[in-house]
Amino acid sequence: MSPGSGGQVLHDRYPRAGRRDVVHRHEMLQVGGRSVAWVPPLLLLLAITAADYNTGGEFRTISWIVLVPGIASALCGVWGTAVYATLAMVTYSLVDSAWPHQFQAGLPDFILVAAGGVLSTLACAVRVRGERRALHLRDVTDTVRRTVLRPLPRGWGGLDHAGIYLTADARARVGGDFYDIQPGPHGTRVFVGDVQGKGLGAVETAAVLLGTFREAGYHEADLTAVADRLEDRMLRHREYTTALGRDDGDRFATAVLLGFPAGRTDVVDAVVFGHEHPLAVGPGGVRILPAEGGLPLGCRDLAPGGPPVRRMPLAVDETLLLVTDGVTEARDGDGRFYPLTEDLERAVAADPRVVAPARLVAVVRDGTLRHSRGHLVDDTTAFAVRRTRAAGGEGPEGGRSPY
């Protein structure tokens, strides 16, 4: 789901699901790149046949061959299962007829083997159909995810960037956390946030805010105007959901809005909507940007006027790190919160190259998962940006973006 080192997103990228993904599900069983899913049913068939040959006539095992298509239905495709069902019936007939008449299992067991083959084939067809539907739904979810967290090109808007996104529900793949970069004639804007709540309502709200950011971030010359547009859109979306009678009409979102002014390489503008403050991470350590915090998006009626825009110095070698509360509120077994700043300071002291965006978000990801032992209670996002170094390493690029 998006671009990596110095400009790529580090979370998993899921391939588009197609017919082949289901029909060849058994390719998970591979040796040397070749599928061996057909081997277990075949070995079972040979083992049952050999056991029947080496037992006395009073104890026949050939009827157990009904297990062969059953095993194939769990590992193979429909046609593979049908082949094993047919092979089981043929093998049964040949082996049983080779015994003297008084020891033959006869027609009743043949009917059992035939019925088992038919039922196994039908069960395999149901399994494949269910898997196709699940993969289609996964494909739809991935499309929604790419809409909310669109892939960002390397060096987009004159920024090196990297991000990680981990959902608390691994099967959901998408939640209320979001981030984006929007270049424009007035500079490059960055937007990172977290919608209150979970489910499709949170995803919908995130998509609404991102759509507004992409338009306002490009056209508005003043970062305050971008912030106002986001607040207005959040309120209108809440009115809309309330009119529909939904119970998420009081939803809000915390966020950070950054502006990298055109023509300036030594400052950054910031608006904080009740969110975790950005961290500036450089070879010299970690510092919290002293941006004044405001209320979350959707809460303007509690404090009319909106949050202020703060312009702050930013060193050439500093990277801005923005995280959601899935990072800062991750707890260990004793209930202690993840010490993000201390962890970053240790990492930078050990290796100053950690300040590169891709390395930085990897440190946050590994530290969060290690601290919480993999038990995430909320969606977890870390996004790092810094100005792209000019050719020859002479300093960060400046100027307005034409995109």
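Per an unreviewed UniProt entry, the protein chain goes by Integral membrane protein and derives from Streptomyces toyocaensis.

### Some points on the sheet that holds strand 8 (residues 279-282)
The strand order across the open sheet built from 5 strands is 3-13-12-8-9, with neighbouring strands paired in antiparallel fashion. The open sheet has two edge strands with one neighbour each: strand 3 (159-166) and strand 9 (285-288). Pairs of neighbouring strands in the sheet enclose a mean axial angle of 20 degrees, with direction left out of account. Sheet contacts for helix 9 (residues 340-350): strand 8, strand 9 and strand 12 (319-323); angle to strand 8, the most-contacted strand, approximately 15 degrees.

### Let's talk about the UniProt feature "transmembrane region" (unreviewed entry) in the protein chain
According to UniProt, the feature "transmembrane region" (unreviewed entry) maps to residues 35-53, 65-90 and 110-128 in the numbering used here. For the annotated span residues 35-53, helix accounts for 79% and strand for 5% of the residues, and the straight-line distance between the end C-alpha atoms is 30 Å. Span residues 65-90 is 85% helix and 0% strand, its end C-alpha atoms 11 Å apart.

### A look at a nonpolar patch on the surface
A grouping of Phe 59, Trp 64 and Leu 67 is seen on the molecular surface, where their side chains present a nonpolar patch of about 350 Å² in accessible area. Residue classification places Leu 67 among the partly exposed positions, given a relative accessible area of 48%.

### Some details on the pairing of strand 9
As paired elements, strand 8 and strand 9 share 4 bridges and run antiparallel to each other. The residue bridging Leu 279 from the neighbouring strand is Ile 288, located in strand 9. Counting the residues between successive antiparallel strands, the hairpin from strand 8 to strand 9 contains 2 residues.

### Looking at the packing of aromatic side chains
Enumeration over the complete set of coordinates arrives at 4 aromatic pairs. Measuring from centroid to centroid gives 5.0 Å for Phe 178 and Phe 191, while their planes differ by 50 degrees, and the two rings are tilted. Of this pair, Phe 178 sits in strand 4 (residues 177-184) while Phe 191 sits in strand 5 (residues 187-195), and the two are 13 residues apart along the sequence. On the basis of relative accessibility, which here comes to 0%, the residue Phe 191 falls in the buried class. Where Tyr 179 meets Phe 383, the ring centres are 4.6 Å apart and the plane angle is 15 degrees; that geometry is what we call stacked. Taken together, the residues span a long stretch of sequence, with Tyr 179 in strand 4 and Phe 383 in strand 13 (residues 380-387) at a distance of 204 residues. Its relative accessible area of 1% is what places Tyr 179 among the buried residues.

### Overview of the pattern of salt bridges
Overall, the coordinates contain 15 salt bridges when judged by the stated rule. Here Asp 266 ties to Arg 264 by a salt bridge, and the two come within 3.0 Å at their closest N and O atoms. One salt bridge connects Asp 332 with Arg 336, and the closest N-O pair in it is separated by 3.1 Å. Judged by its relative accessible area of 17%, Asp 332 is buried. Shared partners join several salt bridges into a network, and the residues in it are Arg 150, Asp 180 and Arg 214.

### Considering the environment of Thr 81
As for its position among the elements, Thr 81 is in helix 4 (residues 78-97). Looking at Thr 81, the relative accessible area reads 0%, which means it is buried. C-alpha of Thr 81 to C-alpha of Ile 71: the two residues are 10 residues apart in sequence and 8.5 Å apart in space. In this view, Thr 81 contacts Pro 69, Ala 72, Ser 73, Cys 76, Ser 120, Thr 121 and Cys 124; residues no more than four positions away in its chain are not counted. A polar contact is formed between the side chain of Thr 81 and the backbone oxygen of Ala 72, at a distance of 3.3 Å.

### A closer look at unusual backbone geometry
Look at Arg 373: it is not a glycine, yet its phi comes out positive at around 55 degrees. Following the sequence through the fold, Arg 373 ends up in the loop between helix 10 (357-372) and strand 13. Of the residues examined, Arg 373 reaches a relative accessible area of 69% and is grouped as exposed.

The rules behind these values
- Residues numbered from 1 in each chain as written.
- Predicted model: local features only at pLDDT ≥ 70, side-chain atom pairs only at ≥ 80, totals over all residues.
- Heavy atoms only, no water.
- Pairing = 2+ DSSP bridges.
- Helix = DSSP H or I, 4+ residues; strand = E, 2+ residues; numbered from the N terminus.
- Axes fitted to C-alpha atoms, helices over the stretch in contact; angles between N-to-C directions.
- Contact = heavy atoms within 4.5 Å.
- UniProt positions renumbered as here; feature names shortened; annotations may be inferred.
- Patch = residues over 30% accessible without salt bridge, like charges linked within 9 Å, V, L, I, M, F, W, Y side chains within 5 Å.
- Areas by Shrake-Rupley, 256 points an atom, 1.4 Å probe, with all protein chains shown as cover.
- Salt bridge = Lys/Arg side-chain N within 4 Å of Asp/Glu carboxyl O.
- Buried < 20%, exposed > 50% of the residue type's maximum accessible area, 1.4 Å probe, protein only.
- Phe/Tyr/Trp six-rings, centres within 6.5 Å; stacked < 30°, edge-to-face > 60°.
- Polar contact = N/O pair within 3.5 Å; in protein donor to acceptor, adjacent residues only side chain to side chain.

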